[in-house]
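Descriptive analysis of the structure
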Amino acid sequence: MRSFVWHPYTQMNDWKKFDVISKGKGMWLYDSHGNAMMDGVASMWCNVWGHSNKELTDSMIKQSKKLQHSSLFNLTNDKAEELAEKLVKLAPEMYRVFYSDDGSTAMEISAKMALQYWNNIGEKRTRFVSLENGYHGDTIGAMSLGYVPLFFSKFKSALFPVLRTPSPNKYRIPKGYSFEDYQEFCLEKIEQTLSKNDNIAAFVMESGAQIAGGVVIYPKGFQGKISKMCKKYNVLFILDEIATGFGRLGSMVEYQTQESTPDIVSFGKMLSGGYLPLAATLANKKVYDSFLGEYKDMKHFFHGHTFTGNPLACATALTNISLYKKYNLMSKIKKREAQIQSYIEEISNLSLVGDVRHKGMLVGIELISNKKTKTPISPQKRLPQKVFIEAKKHGIYQRTLGHIIMVVPPLAISEQELDFLLDGTIKTIKNVSSQV
Ligand SMILES: Cc1ncc(COP(=O)(O)O)c(C=O)c1O
């Protein structure tokens, strides 16, 4: 089949042919020949209920017959209203909802909101602080906020400068530190940065864990302490729950579990169950109120998109959220989390595995070439492609992040399906061992 599609993060020369997915059912993706693959990465970490879920597709059909799109410029729509109310009730301290289409845009909005907040209240604050290896999306602002060198170095000249502080990766602590000491060191660096610079608009971080930058799960109390520091130094605290909220780490709203309170927080990916592009940036009352005034004050938020508040996506998100309660998804996730935990020792003992990091329905398996030196498998070894090919032999669709294998299934995966996925992942790692 001739293809005109240019694929993301893909050397197109390497891929003469892609599997053409033409159907999805439950946890399974089917190619045009009818071959099944389990969706081991929840279609880029967004799928909640599996594919072609009847309750979600029925609600999409119903809404598409009523209103497929109408703008939020000068108008509103019932589904955008209902969903905003639901989100504000779900997310403690949040007051208003600004809609967009994807995670990157939601983070652009967070940044613009923060900058305009300070402008609106008449303070000159223009700098952001974020954690090293944070990831907030692929647009220019989002790439600036979160900087993963491997992904973004080519665009550096276009990015705005951001102050960065170290993140507490337990597996890669500098020599001479215990993990506890290193956490303290990371927090001290943040405190120094916030206290020494008087032009900081906001501190930005992923909530609960960094994923794309290497699967770093924060130690208990880390995020809460940063939240308190932001209050102490009067800096806005921006959280990114695009990949970690809505159950991925085991909580609907991860910042609650982390005992932290943002001024601005973004959700995406699983918000619509992974069925339609939708993201939301929520702000607290302090931030929102700064945008109110006389028209001539020009304090209103200068941002908008064609599909902001799309009723079809909002209706789908509403159905998705109702299903969490109906099927008691959070308690099921707890059981699946324990099931994953029972595999960790076996995975850790595999020759290629340096570290396994796990929380909720997120697993990052770091593959290394030497357990002592912890040297990551070199990009020259083409690990991602090898893992993809081997995993497929075991009936799994897997996408690695560099030298880290991600197991990020749809949240509603059953016990048997999860066993299949984890057993297949182990077989894949074993088979890849002889090839790198
Ligand atoms: C934490 C985080 N923020 C933002 C994004 C960007 O979301 P999107 O790919 O929908 O633009 C991602 C995507 O993986 C993410 O993991």
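Cut-offs applied
- Residues numbered from 1 in each chain as written.
- Predicted model: local features only at pLDDT ≥ 70, side-chain atom pairs only at ≥ 80, totals over all residues.
- Heavy atoms only, no water.
- Pairing = 2+ DSSP bridges.
- Helix = DSSP H or I, 4+ residues; strand = E, 2+ residues; numbered from the N terminus.
- Axes fitted to C-alpha atoms, helices over the stretch in contact; angles between N-to-C directions.
- Core = buried A, V, L, I, M, F, W, Y, C linked by side-chain atoms within 4.5 Å.
- Buried < 20%, exposed > 50% of the residue type's maximum accessible area, 1.4 Å probe, protein only.
- Domains from an automatic or database assignment.
- Contact = heavy atoms within 4.5 Å.
- Near = heavy atom within 4 Å.
- Polar contact = N/O pair within 3.5 Å; in protein donor to acceptor, adjacent residues only side chain to side chain.
- Areas by Shrake-Rupley, 256 points an atom, 1.4 Å probe, with all protein chains shown as cover.
- Nonpolar A, V, L, I, M, F, W, Y, C, P; charged D, E, K, R; others polar.
- Phe/Tyr/Trp six-rings, centres within 6.5 Å; stacked < 30°, edge-to-face > 60°.
- Lys NZ or Arg CZ within 6 Å of the ring centre and 35° of its normal.

A sheet is described by the order of its strands in space; here 4 strands give the open sequence β1-β2-β3-β16, paired in mixed fashion. Two strands bound the open sheet, and with one partner strand each, they are β1 (21-25) and β16 (396-397). Relative to β16, strand β3 (residues 36-39) runs parallel, the two being bridged by 2 bridges. Within the sheet, the bridge partner assigned to Met-38 lies in β16 and is Ile-396.

Read from one edge of the open sheet, 7 strands run β4-β12-β11-β10-β7-β5-β6, paired in mixed fashion. The sheet terminates laterally at β4 (96-100) and β6 (163-165), the two strands that pair on one side only. Averaged over neighbouring strand pairs, the angle between their axes works out to 20° when direction is ignored. In terms of strand pairing, strand β11 (residues 264-267) meets strand β12 (residues 279-283) through 4 bridges, oriented antiparallel. When the bridges of β12 are listed, Ser-266 appears paired with Thr-281.

Quick look at the nonpolar core now. Grouped together as the largest cluster of nonpolar side chains are 81 residues, with contacts concentrated most on Phe-203 and Ile-365. Lining this core are residues from two domains, each supplying at least three of them: domain 1 (12-52 + 330-433) and domain 2 (58-326). With residues near it in sequence (within four places) discarded, Ile-365 still touches Ile-347, Val-353, Asp-355, Val-356, His-403, Ile-404, Ile-405, Val-407, Thr-425 and Ile-429. Phe-98, Ala-106, Val-204 and Ile-242 belong to the second largest nonpolar core, which has 25 residues in total.

In the vicinity of the ligand, the contacting residues are Trp-45, Asp-102, Gly-103, Ser-104, Tyr-135, His-136, Gly-137, Glu-206, Asp-240, Ile-242, Ala-243 and Lys-269. Measuring from a nitrogen atom of the ligand, one finds a side-chain N or O atom of Asp-240 at 2.7 Å. Lys-269 is positioned such that a nitrogen or oxygen atom in its side chain is 2.9 Å from an oxygen atom of the ligand. With the chains in place, 84% of the 390 Å² that the ligand exposes on its own is no longer accessible. Taken together, the residues of the shell around the ligand break down into 4 nonpolar, 4 polar and 4 charged.

Here the focus is the packing of aromatic side chains. The geometry of an aromatic ring pair is captured by the separation of the ring centres together with the interplanar angle, meaning the angle of the planes. Under the counting rule described, the total for this entry stands at 23 aromatic pairs. Both rings, one in Phe-98 and one in Phe-301, keep their centres 5.1 Å apart while their planes meet at 75°; by these two values the pair is edge-to-face. Note that Phe-98 is positioned in strand β4 and Phe-301 in the loop between α10 (285-289) and α11 (311-326), a separation of 203 residues in sequence. Across the pair, Phe-301 and Phe-98 agree in class, each one buried. Between the aromatic rings of Phe-246 and Tyr-324, the centroid separation amounts to 6.0 Å while the plane-to-plane angle is 85°, which identifies the pairing as edge-to-face. Of the two residues, Phe-246 is situated in the loop between β10 (236-240) and α9 (254-257) and Tyr-324 in helix α11; the sequence distance between them amounts to 78 residues. With a relative accessible area of 6%, Tyr-324 lands in the buried category. Sitting over the ring of Tyr-95, Arg-96 keeps its end group 4.1 Å from the ring centre. Of note, Lys-374 hangs over the ring of Tyr-171, and the distance from its end group to the ring centre comes to 4.4 Å.

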